[in-house]
Amino acid sequence: MKVAVTFLIVFILSIFIVTGLIYSQRYSSAFEADQQCHFDMKMNYPPEVIVDCDHDLETRQWLLFQKSIETSPAKVLKRYKY
């Protein structure tokens, strides 16, 4: 009985921790997400690599993506949810 109760408590705490981590990675506003996207773009990628940031209104996030040749789709490098 004690093992089942302990398992249940650990399971519930794990759910709270995972939920907290997911929501703590969100930005408070689109402005903050935009600023972080452009900062990462300038600091982490050399000018030779063609990267850009774009706002996706439907999913409420900014996307850092690598542009590619016209015949292939762009590659999303990072998402900034708000």
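The numbers attached to residues start from 1 for each chain and follow its sequence in the written order. Reporting of local features is limited, given that this is a predicted model, to residues whose pLDDT is at least 70; pairs of side-chain atoms are given and counted only at 80 or more, and all residues count toward the totals for whole chains, interfaces and linings. Side-chain descriptors were evaluated using all non-hydrogen atoms of the structure, hydrogens and water having been removed beforehand.

A. Geometry of unusual backbone geometry. The backbone of Arg 60 shows a phi angle near 55 degrees, a positive value even though the residue is not glycine. Along the polypeptide, Arg 60 turns up in the loop between strand S1 (51-56) and strand S2 (61-66). Counting from the N terminus, the helices are the DSSP runs of H or I reaching at least four residues and the strands are the DSSP runs of E reaching at least two.

B. The arrangement of the environment of Met 1 in detail. Summarising the element assignment, Met 1 is placed in the segment before helix H1 (2-24). Only protein chains enter the accessibility calculation, which uses a 1.4 Å probe. A residue is then buried if its area is under 20% of the maximum for its type, exposed if over 50%, and partly exposed in between. Looking at Met 1, the relative accessible area reads 83%, which means it is exposed. Along the primary structure Met 1 and Ala 33 are separated by 32 residues, whereas in three dimensions their C-alpha atoms are 47 Å apart.

C. How the structure looks around the side chain of Asp 40. Positionally, Asp 40 belongs in helix H2 (residues 30-44). Of the residues examined, Asp 40 reaches a relative accessible area of 8% and is grouped as buried. A polar side-chain atom of Asp 40 sits 2.6 Å from a polar atom in the side chain of Tyr 80. Any pair of residues with heavy atoms lying within 4.5 Å of one another is described as a contacting pair. When near neighbours in sequence (up to four residues on either side) are disregarded, Asp 40 contacts Tyr 45, Leu 64, Lys 78 and Tyr 80. The term polar contact refers here to a pair of N or O atoms within 3.5 Å; inside protein, the definition further demands a hydrogen-donor-capable atom paired with an acceptor-capable atom, and it admits residues adjacent in sequence only when both atoms are side-chain atoms.

D. How the structure looks around the state of the cysteines. Throughout, disulfides are identified as pairs of cysteine sulfur atoms within 2.5 Å of each other. Applying the stated rule across the entire model yields 1 disulfide. Put simply, Cys 37 and Cys 53 are joined by a disulfide, and their sulfur atoms are 2.1 Å apart. Given an S-S torsion of about -105 degrees, the disulfide between Cys 37 and Cys 53 has left-handed geometry. Here Cys 53 lies in strand S1 and Cys 37 lies in helix H2, a separation of 16 residues in the sequence. Judged by relative accessible area, which is 0%, Cys 37 ranks as buried. Taking relative accessible area as the criterion, Cys 53 reaches 9% and is therefore assigned buried.

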